[in-house]
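Residue-level listing of the chains:
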Amino acid sequence: MSYLPSIALAVAGLIALFVLLIKLRGVLRVLTHTMSMVATNTRKRTGLLRARSAALRVAIARRRGLEDR
């Protein structure tokens, strides 16, 4: 019967590990969702910045074209 405490401790350790893994899975799911939102927001802002830069280049090119005449 001296092995009974060892088995009980191992079972308790496995249960604790299982609980921690479940909690970690939830945290990782939230982190993944947040990273996805940040990436999407960054892509949108980058696209808007590129569009504004392109519009500015076109406006400058048109203005230079008018000044050359």
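In this text, all values refer to a predicted model and were calculated from it rather than measured experimentally. (Residues numbered from 1 in each chain as written. Predicted model: local features only at pLDDT ≥ 70, side-chain atom pairs only at ≥ 80, totals over all residues. Heavy atoms only, no water.)

Trainee: So, the overall build of the protein: which residues are in play, and what are the values?
Mentor: Looking only at helices and strands, the protein features one helix and zero strands. Taken against the 2.2 N^0.38 rule, which gives 11 Å for 69 residues, the C-alpha radius of gyration of the protein at 30 Å runs more than 25% over that of a compact globule. Each principal axis of the C-alpha distribution contributes one length, and for the protein these read about 100 × 15 × 5 Å. Burial analysis of the protein (69 residues in total) assigns 0% to the buried set. Working note: accessible area of the protein is about 6800 Å², and carbon and sulfur atoms make up 69% of it. (Helix = DSSP H or I, 4+ residues; strand = E, 2+ residues; numbered from the N terminus. Rg over C-alpha atoms; globule rule 2.2 N^0.38 Å. Buried < 20%, exposed > 50% of the residue type's maximum accessible area, 1.4 Å probe, protein only. Areas by Shrake-Rupley, 256 points an atom, 1.4 Å probe, with all protein chains shown as cover.)

Trainee: Explain the UniProt feature "transmembrane region" (unreviewed entry) in the protein residue by residue, including any values.
Mentor: When the UniProt feature table is mapped to this numbering, "transmembrane region" (unreviewed entry) covers residues 6–28. With 100% helix and 0% strand, the stretch residues 6–28 has end C-alpha atoms that lie 32 Å from each other. (UniProt positions renumbered as here; feature names shortened; annotations may be inferred.)

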